[in-house]
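# Inside the fold
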Amino acid sequence: MKDWNRQAEEHFQTYRIGGATADFYDDVKPFVEQVMQDLENWVPDVLKFLEMAKPAYVHAQQIDQLAENVEMVAVTCFQQDTKKKRFREQVKSIDYTLEMVKQAVVEYQQKKEGEQT
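For clarity, every value in this text was computed on a predicted model and none was experimentally measured.

Let us now look at helix α3 (residues 60-76). Compared with an ideal rise of 1.5 Å per residue, which puts 17 residues at 24 Å, α3 spans 24 Å between its outermost C-alpha atoms and is within 8% of the ideal. Residues Ile63, Leu66, Ala67, Asn69, Val70, Val73, Ala74 and Thr76 constitute the buried set of α3. Buried-residue contacts for α3 involve α1 (2-17), α2 (24-53) and α4 (84-116).

The next thing to look at is a negative patch on the surface. On the surface, Glu40, Asp64, Glu68 and Glu71 cluster together to form a negatively charged patch. No other element matches α3, which puts three residues into the negative patch. On the basis of relative accessibility, which here comes to 34%, the residue Glu71 falls in the partly exposed class.

Our next topic: the nonpolar core. Phe31, Val58, Ile63, Val70, Cys77 and Phe87 are the most contacted members of the largest nonpolar core, which has 32 residues in total. At the level of secondary structure, the elements contributing two or more residues to this core comprise α1, α2, α3 and α4. Considering each element in turn, this core owes the most residues, 10 residues, to α2. Sequence-distant contacts of Phe87, that is, excluding residues within four places in its chain, are made with Ala8, Glu9, Phe12, Val73, Thr76, Cys77 and Thr82.

Rules used throughout
Residues numbered from 1 in each chain as written. Predicted model: local features only at pLDDT ≥ 70, side-chain atom pairs only at ≥ 80, totals over all residues. Heavy atoms only, no water. Helix = DSSP H or I, 4+ residues; strand = E, 2+ residues; numbered from the N terminus. Expected span 1.5 Å × (residues − 1). Buried < 20%, exposed > 50% of the residue type's maximum accessible area, 1.4 Å probe, protein only. Contact = heavy atoms within 4.5 Å. Patch = residues over 30% accessible without salt bridge, like charges linked within 9 Å, V, L, I, M, F, W, Y side chains within 5 Å. Areas by Shrake-Rupley, 256 points an atom, 1.4 Å probe, with all protein chains shown as cover. Salt bridge = Lys/Arg side-chain N within 4 Å of Asp/Glu carboxyl O. Lys, Arg positive; Asp, Glu negative; His and termini not counted. Charge placed at Lys NZ, Arg CZ, Asp CG, Glu CD. Core = buried A, V, L, I, M, F, W, Y, C linked by side-chain atoms within 4.5 Å.

What follows is the structure, given as structure tokens:
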């Protein structure tokens, strides 16, 4: 997901900030479809992890919000009328939630390793 977020930022720089025009069939559609496919695979796995690990600081609602933000960023990164501040806030929100998920996984792995010794 982090890679998709970075690519969306690059597209935003090219198309929104740089003023280039994105072709729907060559640029927008393939990017959005790939992001959506990966999101559809990733979200259920993360939700299963959250149910199993029960981390203190990451909840299912945050993952739902992250998915909505990823979808929005994937589409709006190509649009000329995208608001810069709003786009950047969504990107930061995605990064923050992904970092929280990553930390929860690390803590869960450390806990499991501690139980095995």
